[in-house]
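# Summary of the model geometry
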Amino acid sequence: MAGYFSVLLVLLTLGSGLIWLIDHLMFAPKRQERLAIAQTSAGGQLDEETAALIAPEPMITETAKSIFPMIAAITIFRSFIFEPFQIPSGSMMPTLLVGDFILVQKYSYGIKDPVWRSQLVDVSEPERGDIVVFKYPLDERVDYIKRAIGLPGDKIVYRDKRLYIQPKCEEGEVQKGALLCNEFNKIDFKLINDNEFKQGPMDLARLNEDLTTTNHDILINPKSPERKGRYYQQLGTPADEWVIPADHYFMMGDNRDNSQDSRFWGFVPKENLVGKAVFIWMSFEFDNGPDDILPGWVPTGVRFERLGNIQ
């Protein structure tokens, strides 16, 4: 849906700008000629009402001239700088909640044209721990948001609800940041609480995970079995191990037992990246939870304490 809206904005910008340009080059001079002749005949300057009757500006031109600056500014802002998104599910809890409205920095990973999404300018690559919005590889009409866990060339293992990472290293490197190069590094976490969040009747454990580049909180359901049989099976690796191809990324939700992510459908290609989630600008809460909201719902409160930079 966001992709269709971007295309609509581009079309409106081009259409209104083209109408304004054609009128400026072709029709406005003719209107000025008629006014000049009328002023000469009248022997003086005409008032605005009379001038409008003699050389009226078409309504479509007037509308195009009035909306073009605003539409162009919105298009540039959404396409190349920041784009607002709404969090639709709980897969990124506790970092992002349903009802959060976020800003995504569009230029973080490169500048793309808003229609065909071809890369125009390279800026940087995602870092481990970034929260990334991307086009879902199985249906690019849908935007997903997850955390970048694995980078190109990394080896990832997710086993017994623990994450292991063997980073890609250049020849001769023994360490990549805080990660050792030639072994699977067990990613540490520590328990914060085990009763703050629920999934149905079951309590979820809130843990602080150390990805070595950033600390962030995750949720785990200790009683939920791993769904290893549904994991994306990469040729030549065990069911819970993945080797990330060049120009691809391994994304996971922070709500580990309630997230459809790279464990289940594979890797995210670089060209699918939309931007980095950086800021919560509004957050609404609901009495009955998101599953009970009907069309036309009204939020019951604002979570002001959630507004700010995203960790």
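Residues numbered from 1 in each chain as written. Predicted model: local features only at pLDDT ≥ 70, side-chain atom pairs only at ≥ 80, totals over all residues. Heavy atoms only, no water.

Before going further, it helps to examine the UniProt feature "transmembrane region" (unreviewed entry) in the protein chain. When the UniProt feature table is mapped onto this chain, "transmembrane region" (unreviewed entry) is found at residues 6–27. The span residues 6–27 is 100% helical and 0% strand by assignment, and the distance between its end C-alpha atoms comes to 31 Å. (UniProt positions renumbered as here; feature names shortened; annotations may be inferred. Helix = DSSP H or I, 4+ residues; strand = E, 2+ residues; numbered from the N terminus.)

Our next topic: the pairing of strand β2 (residues 100–105). Within β2, five of the six residues are buried, which leaves the element mostly enclosed by the surrounding structure. Note: strand β1 (residues 82–86) against β2, five bridges, orientation antiparallel. By the bridge assignment, phenylalanine 82 is partnered in β2 with glutamine 105. (Buried < 20%, exposed > 50% of the residue type's maximum accessible area, 1.4 Å probe, protein only. Pairing = 2+ DSSP bridges.)

By the element assignment, serine 66 lies in helix α3 (residues 59–81). Note: C-alpha distance between serine 66 and valine 123 (57 residues apart in sequence) is 34 Å.

Bringing empty space enclosed by the protein into the picture now. Applying the stated criterion across every chain yields a total of one cavity of 30 Å³ or more. Taken together, Tyr158, Pro225, Glu226, Arg227, Tyr231, Arg256, Asp257, Arg263 and Phe264 make up the lining of the largest cavity. (1 Å grid on protein atoms, 1.4 Å probe; cavity = no way out; pocket = protein on both sides within 12 Å on 5 of 7 lines; lining within 4 Å. Points joined across faces, edges and corners; volume = space filled by probe spheres on them.)

Here we take up the nonpolar core. By size, the foremost hydrophobic cluster in this structure holds 26 residues, and its most contacted members are Ile149, Ile156, Leu163, Ile165, Phe250, Met251 and Leu273. Contributing elements (two or more residues each) for this core: β5 (131–135), β6 (143–150), β7 (155–159), β8 (162–166), β16 (248–252) and α4 (262–265). Considering each element in turn, this core owes the most residues, four residues, to β16. In this structure leucine 163 touches Ile149, Ile156, Val157, Tyr158, Asn185, Lys186, Ile187, Glu209, Leu211 and Met252, once residues within four positions along its chain are discounted. (Core = buried A, V, L, I, M, F, W, Y, C linked by side-chain atoms within 4.5 Å. Contact = heavy atoms within 4.5 Å.)

Counted at 1.5 Å a residue, the expected span for α3 with its 23 residues is 33 Å, and the 32 Å between its end C-alpha atoms agrees. By the largest-angle criterion, isoleucine 67 marks the main kink of α3, which is about 40 degrees, and a proline, proline 69, follows within four residues. Along α3, the positions that sit buried rather than exposed are Thr61, Ala64, Ile71, Ala72, Thr75, Arg78 and Ser79. (Expected span 1.5 Å × (residues − 1). Bend = angle between axes of the 7 residues up to and from the residue.)

What the rule picks out here adds up to 15 aromatic pairs. Plain terms: the ring middles of phenylalanine 134 and tryptophan 265 are 6.0 Å apart, the flat faces sit at 55 degrees to each other, and that makes the pair tilted. With phenylalanine 134 in strand β5 and tryptophan 265 in helix α4, this pair connects stretches of sequence that are 131 residues apart. Pair check on accessibility: phenylalanine 134 and tryptophan 265 agree, each one buried. Taken together, a centroid distance of 6.1 Å and an interplanar angle of 70 degrees make the contact between tyrosine 144 and tryptophan 265 edge-to-face. Highlighted residues: tyrosine 144 in strand β6 and tryptophan 265 in helix α4, separated in sequence by 121 residues. (Phe/Tyr/Trp six-rings, centres within 6.5 Å; stacked < 30°, edge-to-face > 60°.)

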